[in-house]
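Examination of the molecular architecture
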Amino acid sequence: MNPVEVILAKRRGEEHAHDDLEAFVLGFVGGEIPDYQVAAWLMAVCWRGMSERETADLTRIMAASGDQLDLAALPHTLDKHSTGGVGDKTTIVLAPLVASLGGTIAKMSGRGLGHTGGTIDKLESIPGFRATLSESEFLRQARDIGVAVTGQSGELAPADGLLYALRDATATVASVPLIASSVMSKKLASGARSLVLDVKVGHGAFMKSEEEARALAGAMVAIGRHAGRNVRAVLSNMDEPLGNAVGHAVEVIEALATLRGDGPPDVRALVLVLATEVLQASGLDLDEGDVAAALADGRAAERFERWIAAQGGDVSALDALEVAPNTSVWRATSSGELLALDAERVGLAVARLGGGRRRKGDAIDLAVGAHVHVKVGDHVSAGDALVTLLHRGGSAVEDALLALEGAARIGSSEVRRPLVLDVVR
Ligand code: URA
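My aim in this report is to walk through the structure given alongside it, one point at a time. Computed from a prediction, not measured in an experiment: that's the story for all the values here. (Residues numbered from 1 in each chain as written. Predicted model: local features only at pLDDT ≥ 70, side-chain atom pairs only at ≥ 80, totals over all residues. Heavy atoms only, no water.)

**Here we look at the pattern of salt bridges**
In this structure the tally under the stated criterion is 32 salt bridges. Between Lys-375 and Asp-266 there is a salt bridge, and its shortest N-O distance comes to 2.8 Å. Highlighted residues: Lys-375 in the loop between β9 (369-372) and β10 (379-380) and Asp-266 in helix α12 (residues 265-281), separated in sequence by 109 residues. The shortest N-O distance in the salt bridge between Asp-365 and Arg-392 comes to 2.6 Å. Placement of the pair is Asp-365 in the loop between α15 (343-355) and β9 and Arg-392 in the loop between β11 (385-391) and α16 (396-404), with a sequence separation of 27 residues. Of the residues examined, Arg-392 reaches a relative accessible area of 42% and is grouped as partly exposed. One network of salt bridges, in which partners are shared, links Glu-15, Arg-53, Asp-57 and Arg-60. (Salt bridge = Lys/Arg side-chain N within 4 Å of Asp/Glu carboxyl O. Helix = DSSP H or I, 4+ residues; strand = E, 2+ residues; numbered from the N terminus. Buried < 20%, exposed > 50% of the residue type's maximum accessible area, 1.4 Å probe, protein only.)

**Notes on the nonpolar core**
By size, the foremost hydrophobic cluster in this structure holds 77 residues, and its most contacted members are Leu-97, Ile-126, Phe-304, Trp-307, Val-387 and Leu-389. Considering every element that reaches this core, the biggest residue donor is α12, with 9 residues. When neighbours within four sequence positions are excluded, Leu-389 is seen to be in contact with Asn-326, Thr-327, Ser-328, Ala-349, Leu-353, Gly-369, Ala-370, Ala-400, Leu-401 and Leu-404. Core analysis: the second largest hydrophobic core is formed by 35 residues, Ala-180, Met-207, Val-221 and Val-231 among them. (Core = buried A, V, L, I, M, F, W, Y, C linked by side-chain atoms within 4.5 Å. Contact = heavy atoms within 4.5 Å.)

**Things to note about the packing of helix α4 (residues 52-63) against helix α10 (residues 210-226)**
It is at 9 Å that the axes of α4 and α10 come closest, and there the two elements cross at 70°. In terms of axis orientation, α4 runs roughly perpendicular to α10. Remark: the crossing between α4 and α10 carries right-handed chirality. From α4, Glu-52, Arg-53, Thr-55, Ala-56, Thr-59 and Arg-60 reach across to α10, where they touch Ala-222, Ile-223, Arg-225 and His-226. Its residues placed into classes, the contact of α4 with α10 shows 3 nonpolar, 3 polar and 4 charged. (Axes fitted to C-alpha atoms, helices over the stretch in contact; angles between N-to-C directions. Parallel < 35°, antiparallel > 145°, perpendicular 65-115°, else oblique. Left-handed = near helix turned anticlockwise from the far one by under 90°. Nonpolar A, V, L, I, M, F, W, Y, C, P; charged D, E, K, R; others polar.)

**Things to note about the packing of helix α3 (residues 35-48) against helix α8 (residues 158-169)**
Following both chains from N to C, one finds α3 and α8 inclined at 75°, their axes separated by 10 Å at the closest point. Between α3 and α8, the crossing angle belongs to the class labelled roughly perpendicular. Of the residues in α8, those in contact with Asp-35, Val-38, Ala-39 and Leu-42 of α3 are Leu-163, Leu-166 and Arg-167. For the contact of α3 with α8, the residue count by class is 5 nonpolar, no polar and 2 charged.

**Quick notes on the site of the ligand**
By nearness alone, every residue bordering the ligand is listed as Tyr-164, Arg-167, Ile-179, Ser-182, Val-183, Lys-186 and Phe-206. Between Ser-182 and the ligand, the recorded distance is 2.6 Å, taken from a side-chain N or O atom to a nitrogen atom. In the model, an oxygen atom of the ligand is placed 2.5 Å from a nitrogen or oxygen of the Lys-186 side chain. Grouping the constituent residues of the shell around the ligand by class yields 4 nonpolar, 1 polar and 2 charged. (Near = heavy atom within 4 Å. Polar contact = N/O pair within 3.5 Å; in protein donor to acceptor, adjacent residues only side chain to side chain.)

**Thoughts on a negative patch on the surface**
Among the surface-exposed residues, Glu-5, Asp-19, Asp-20 and Glu-22 lie close enough to one another that they form a single negatively charged patch. Ranked by the residues each element gives to the negative patch, the list is headed by helix α2 (residues 18-29), at 3 residues. Structurally, Glu-5 is set in helix α1 (residues 3-11). (Patch = residues over 30% accessible without salt bridge, like charges linked within 9 Å, V, L, I, M, F, W, Y side chains within 5 Å. Areas by Shrake-Rupley, 256 points an atom, 1.4 Å probe, with all protein chains shown as cover. Lys, Arg positive; Asp, Glu negative; His and termini not counted. Charge placed at Lys NZ, Arg CZ, Asp CG, Glu CD.)

**So, the sheet that holds strand β1 (residues 78-82)**
Strand order in this open sheet of 4 strands is β1-β4-β5-β13, and the pairing throughout is mixed. Each edge of the open sheet carries a strand with a single partner, namely β1 and β13 (420-424). The mean angle between the axes of side-by-side strands here comes to 15°, regardless of whether they run parallel or antiparallel. As judged from the 8 bridges shared by strand β4 (residues 194-201) and strand β5 (residues 230-237), these two strands associate in the parallel manner. If you follow Val-201 over to β5, its bridge partner there is Asn-237. (Pairing = 2+ DSSP bridges.)

**Regarding the sheet that holds β11**
Strand pairs in the sheet, formed through backbone hydrogen bonds, run parallel or antiparallel to each other. Pairing in this open sheet of 4 strands is antiparallel, and the strands run β6-β9-β11-β7 from one edge to the other. Unpaired on one side and paired on the other, β6 (245-247) and β7 (326-331) mark the two borders of the sheet. Ignoring strand direction, the axes of neighbouring strands in this sheet form an average angle of 20°. Alignment of β9 against β11, held across 4 bridges, turns out to be antiparallel.

By themselves, these figures tell us nothing about what the structure is for.
Right under this line is the structure:
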């Protein structure tokens, strides 16, 4: 394999043979192919794309570049991935819910960066919660209670980590085959047989249009098919934050309410769809009514407490998580129907209060957050409270309020996107 020929072939729009692609990617990981050649190839992929077969090959090559978890001894292994939303606490509800219904969810989860929060950070707002499990602890816990969530391991799909860093620095992130293979390489390496993807569409999402989201969903489902995994994708609306709480402790509180059969209607509705899809994909004969029953009768909440306790969390503190003591209210300046609430800006406001990282490894404040009082479709009057910021005072509050400026679109009724736009199976 000659790297220049690989770049040239992609520049002409040709399809790579599996072995050429493998030698190219592994040559990069091994340090034999320099960054500049890989960057040129990435740019050619952005313009020329990749076939379904090539994308599936690239994914498997990246998945096989590091450790791969073997979950074969566990029943109905399943996983969930979101392309990144604001106020998205669905994993915290879905994980114990599916475990209470016979699924096994042994999940690697990420930390937040920029305006989106990470599940691991949210869980760490529970005193004592341990987000780093050894592989044996992780597998034992998954076997014993059906749910284990740990921080991402550095050895999972290392080729993706290296390629992503290069994409980030060369404006080559935005490519459907590159995004799809990046996400799916980590999912294939983490071993679950079934997967549901929550592909967010809207202002606060990576994919701003339904068309882009549909293309990404289709590419990821196709990769799953090539790899022999059961993958389904739900396209969901991110024209406003999910639920009412945005932050860390405040989102755990909202997730807990949902697990106890209460919680905001949109959080509950999305969890029910995602959980039903992934349980069915894993071979369990359950419908949405069965899943709703586990929320209503306490099975999911009970499994949540066992899970948190198993990872060292103080269950007795769940109803008294620390929330920042000061509040500032952001109000509507006009009257009408709420058409959209820019989720990215709400996430940014929380980040500016200290709840988000600029760079990997930054410390964050898990007690700050926002409470959103209005949902798209609500009528608001000038002066109404739209968002309450929960903070610790200081100049960050002004910066956070500035981030919210212009975030609400208020007007007269137009066609609204539903919460769940489609399911790709
Ligand atoms: N998330 C990923 O894991 N990879 C991408 O390429 C984009 C988002």
